[in-house]
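Fold and geometry: a report
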Amino acid sequence: MRMFRLAFINFRNSFRSYLSLVFSLAFTILVLFNFQNIIYSESFAVLGEHNKEYIDMLVQTVTVVLCCFMFFFLWYATNVFLTRRKREIGIYIFMGMSNRRIGSLYVIEISFVGITALVTGVGFGALLGGLFQMIMGAVSDIAVDVRFGVSWEAGKVTGVLFLAMYLFFALKGYWNITHSSVLGMISAARQNEYVRMPKTVLCAKAVLGVAVLSSGYYLANVGGMLNMMKNLLEAVVLVIIGVYLLFGGLIPLAFQTVAANKQFLYSRQRCLWVNQMIFRMRKNYRTYAMVCIVGICSITALATGFAMKERYHNLINFDNQYTFQLLTNQSGLGEKAAALISGAGDIACQTSLEALSVDDVHLVLKCSEVKRVAQERGAKSDLPEPADGETFYLSHQVLMTSIFNEKPVPVTIGGKEYLETQTIRDPYIGYMQREMGCFYVVSDSAYERLKGQGTTLYIHNYKLADDNDFAAARTALDVLISNTEENFTARVAIDPFDNDLDWGKMLHALCICMFMVFVVASGCIMFMKLYNDSYEEKERYLVLRKLGFSPGVLSASIARELLSAYMLPFVVMAVSAYFSVLALGRLMRTSLLSIYVVSTSVVLVVFVFCYILSVAVYRRNVC
């Protein structure tokens, strides 16, 4: 009981130092709990079983990402706080306590931190569960039946996942304490005070870092789509390695070079913080690199979310170009169908065109006819006419794909080989273009030559003015189709109220959530590290005050030092994220520059807030 009471007293007295860790963990647990609550609640069941399964799959994928992040975040955070407590632990040894008892004391104390974070995260998660689902529904534009109940299954899964990881690191700390020497624990606070690194080593790491990072940028954006997909994993690995080498080589080298200029160094008391950055860079560069990489991931996640949202809307727009489509060999069927549809509701748009069925495989379209249909429905048509011997393949929009056809491929139509030079994904034929997948556009002259080798078919397209007339119009068309059994007639009906792809909307909301989690986490990592550093700097600032430096000068020095600590990861992150978003935009065939600017601005705001908080806490601890 004494051990438990002592651990609780230590936890209570050190709660302020644990506060940033508790807040960070509680925030991550809150998000994890609410994701699990989506799975175990029935709020999204209104979308149907198919959408619910896909949404659950997406949430589970995000859960895996969050758990991986939480694992490494716990690894880092527990190491930081264990290092800070080792000096105090070393004093316990002089008081006669064994390493095992001290290790047990540490496990109990750190358990209080974990339980506090878990209870706080799950508690606020339960309170905000309904709001979280409302926000997710609003962001994803999904109308959900929000239920404010708490899922005990979600709480159980969240607790098991968190406690399993937390217990692992608590036992790791126990092992560390029981296998540490007294001298090592007493001097732990100073073991990371490194001196300047040799310039030769820094130069080598700087050159290698710039080369590796540039190679990552190059691989992410070089060549066509197929090359980008092949190089994606290599680019990610190279950027991560390059960032670490940059913070371990180039940036320390830059500070040491600046410090060599004595006129610059001793002007405006720069020596107070420039030398401090040099001495601390070797210890902190991994933290800066980690924050930078997390920031890159956050911006890329947000850009991915908006790219997927645009891709989803393009897909819905593609399928809903027309409400009804007919493919028939009867030339006069189009007017009969239009009369029946008009009897059920007004027609907003009506188009027709010819197609040739060649070799019972290909449906060939005349280029001028395709452009005419696009103009009739009010769409811009900049489709160039294929050269003689060339053809364009009419493909379709997809939500996600890793298949890119970049090189022209030969295709045989009517016994003649044509070169497929372009893949067109504009919705010229609407849903039928996606469903059949056999439309080829040729030049007008080539179409006339192929007429004698194929069967002429007619494609009639209709767009209802009011979606509520869909059911009545479909019934009328079905009667028409049933009376044309002796001829070939196929009907396509696109239900405007179909929600089969609504699960795709959730991608956008999940990516925004991941962006916020990563941004908050990166700010918390920086705050925790600098908060820990402030306790190690008390003696240095005490000496500086005795030397006659005024509180104002020391306060300004702290502000400049911490500004450098926050700005270095931000600048590297902003540059790296630009190339990442640029590559993603090429891959998704969309411009994401505005998303990059907005997301980078949000990260900057979070960093500025953490910087102001860090400066206030740092000054209070050392001055």
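What comes next concerns the included structure. These numbers were taken from a predicted model, which means no experiment stands behind them.

Another point: the overall build of the protein chain. The helix and strand inventory of the protein chain stands at 20 helices and nine strands. The buried share of the protein chain, taken over its 623 residues, is 51%. Across the protein chain, the fraction of contacts at a sequence separation of at least 24, relative to all contacts at a separation of at least 6, is 85%. Summed over all atoms, the accessible surface of the protein chain reaches about 28400 Å², with 62% contributed by carbon and sulfur.

Attention now goes to the pattern of salt bridges. This model, assessed by the stated rule, comprises six salt bridges. Residue Glu448 is joined to Lys366 by a salt bridge in which the shortest nitrogen-to-oxygen separation is 3.1 Å. With Glu448 in helix α15 (residues 444-450) and Lys366 in strand β3 (residues 362-366), this pair connects stretches of sequence that are 82 residues apart. Relative accessible area serves as the criterion here: at 41%, Glu448 is assigned to the partly exposed category. Classification of Lys366 by relative accessible area gives buried; the value is 18%.

Right, let's get into the packing of aromatic side chains. Going through the model one piece at a time under the given rule, you end up with 13 aromatic pairs. Seen from their ring centres, Tyr217 and Phe579 are 4.3 Å apart, and the 10° between their planes marks the pair as stacked. Here Tyr217 is found in helix α8 (residues 199-221), whereas its partner Phe579 is found in helix α19 (residues 551-588), with 362 residues between them in sequence. According to the relative accessible area criterion, Tyr217 is buried, its value standing at 11%. Measuring from ring centre to ring centre gives 6.1 Å for Tyr566 and Tyr611, while their planes differ by 80°; the resulting arrangement is edge-to-face. Of the two residues, Tyr566 is situated in helix α19 and Tyr611 in helix α20 (residues 593-622); the sequence distance between them amounts to 45 residues. For Tyr566, a relative accessible area of 2% puts it in the buried group. Taken together, the ring pairs in this structure connect Tyr217, Tyr578, Phe579 and Tyr596 into an aromatic cluster. Above the plane of the ring of Tyr285 lies Lys205, whose end atom (NZ or CZ) is 5.2 Å from the centre.

Think of a sheet as strands paired side by side through backbone hydrogen bonds, with each pair either parallel or antiparallel. The sheet built from nine strands is open, its strands ordered β5-β6-β4-β7-β3-β2-β8-β1-β9 with mixed pairing. Edge positions in the open sheet fall to β5 (409-413) and β9 (489-493), since each of these has one partner strand only. Strand-to-strand twist in this sheet, taken as the mean axis angle between neighbours without regard to direction, amounts to 35°. Here strand β2 (residues 347-358) runs beside strand β8 (residues 454-464); their pairing, made up of eleven bridges, is antiparallel. Bridge pairing links Thr351 to Asn461 in β8. Relative to β2, helix α13 (residues 367-376) is tilted by about 170°, and along the sheet it contacts β2, β3 and β7 (439-442). Against the sheet, helix α16 (residues 470-482) makes contact with β1 (324-328), β8 and β9, and its axis sits at roughly 170° relative to β9, the strand it touches most.

Ranked by internal contacts, the top residues of the largest apolar core, which has 116 residues, are Phe35, Val243, Phe247 and Phe255. At 20 residues, helix α11 (residues 271-319) tops the list of elements feeding residues into this core. Membership of the second largest hydrophobic core comes to 24 residues, among which are Leu363, Phe392, Leu394 and Val441.

What follows concerns the packing of helix α2 (residues 15-40) against helix α6 (residues 152-178). The interhelical angle for the contact between α2 and α6, taken along N-to-C directions, is 140°, at an axis separation of 8 Å. One finds that α2 runs oblique with respect to α6. Regarding α2 and α6, the two cross each other, and that crossing is right-handed. Residue-level contacts link Leu25, Ile29, Leu32, Phe33, Gln36, Asn37 and Tyr40 of α2 to Glu153, Ala154, Gly155, Val157, Thr158, Leu161, Phe162 and Tyr166 of α6. When its residues are assigned to classes, the contact of α2 with α6 shows ten nonpolar, four polar and one charged.

Side chains of Asp346, Asp466, Asp467 and Asp495 sit close together on the surface and give a patch of like negative charge. With respect to the element layout, Asp467 can be found in the loop between β8 and α16. A relative accessible area of 31% places Asp467 in the partly exposed class.

A separate point is the side chain of Asn34. Relative to the helices and strands, Asn34 resides in helix α2. Aside from chain neighbours lying at most four places away, what touches Asn34 is Gly125, Leu128, Gly129 and Phe132.

Turning our attention to the environment of Leu30. With respect to the helices and strands, Leu30 occurs in helix α2. In this structure, the C-alpha to C-alpha distance between Leu30 and Thr120, residues 90 residues apart in sequence, is 8.1 Å.

Conventions used here
Residues numbered from 1 in each chain as written. Predicted model: local features only at pLDDT ≥ 70, side-chain atom pairs only at ≥ 80, totals over all residues. Heavy atoms only, no water. Helix = DSSP H or I, 4+ residues; strand = E, 2+ residues; numbered from the N terminus. Buried < 20%, exposed > 50% of the residue type's maximum accessible area, 1.4 Å probe, protein only. Contact = heavy atoms within 4.5 Å. Areas by Shrake-Rupley, 256 points an atom, 1.4 Å probe, with all protein chains shown as cover. Salt bridge = Lys/Arg side-chain N within 4 Å of Asp/Glu carboxyl O. Phe/Tyr/Trp six-rings, centres within 6.5 Å; stacked < 30°, edge-to-face > 60°. Lys NZ or Arg CZ within 6 Å of the ring centre and 35° of its normal. Pairing = 2+ DSSP bridges. Axes fitted to C-alpha atoms, helices over the stretch in contact; angles between N-to-C directions. Core = buried A, V, L, I, M, F, W, Y, C linked by side-chain atoms within 4.5 Å. Parallel < 35°, antiparallel > 145°, perpendicular 65-115°, else oblique. Left-handed = near helix turned anticlockwise from the far one by under 90°. Nonpolar A, V, L, I, M, F, W, Y, C, P; charged D, E, K, R; others polar. Patch = residues over 30% accessible without salt bridge, like charges linked within 9 Å, V, L, I, M, F, W, Y side chains within 5 Å. Lys, Arg positive; Asp, Glu negative; His and termini not counted. Charge placed at Lys NZ, Arg CZ, Asp CG, Glu CD.

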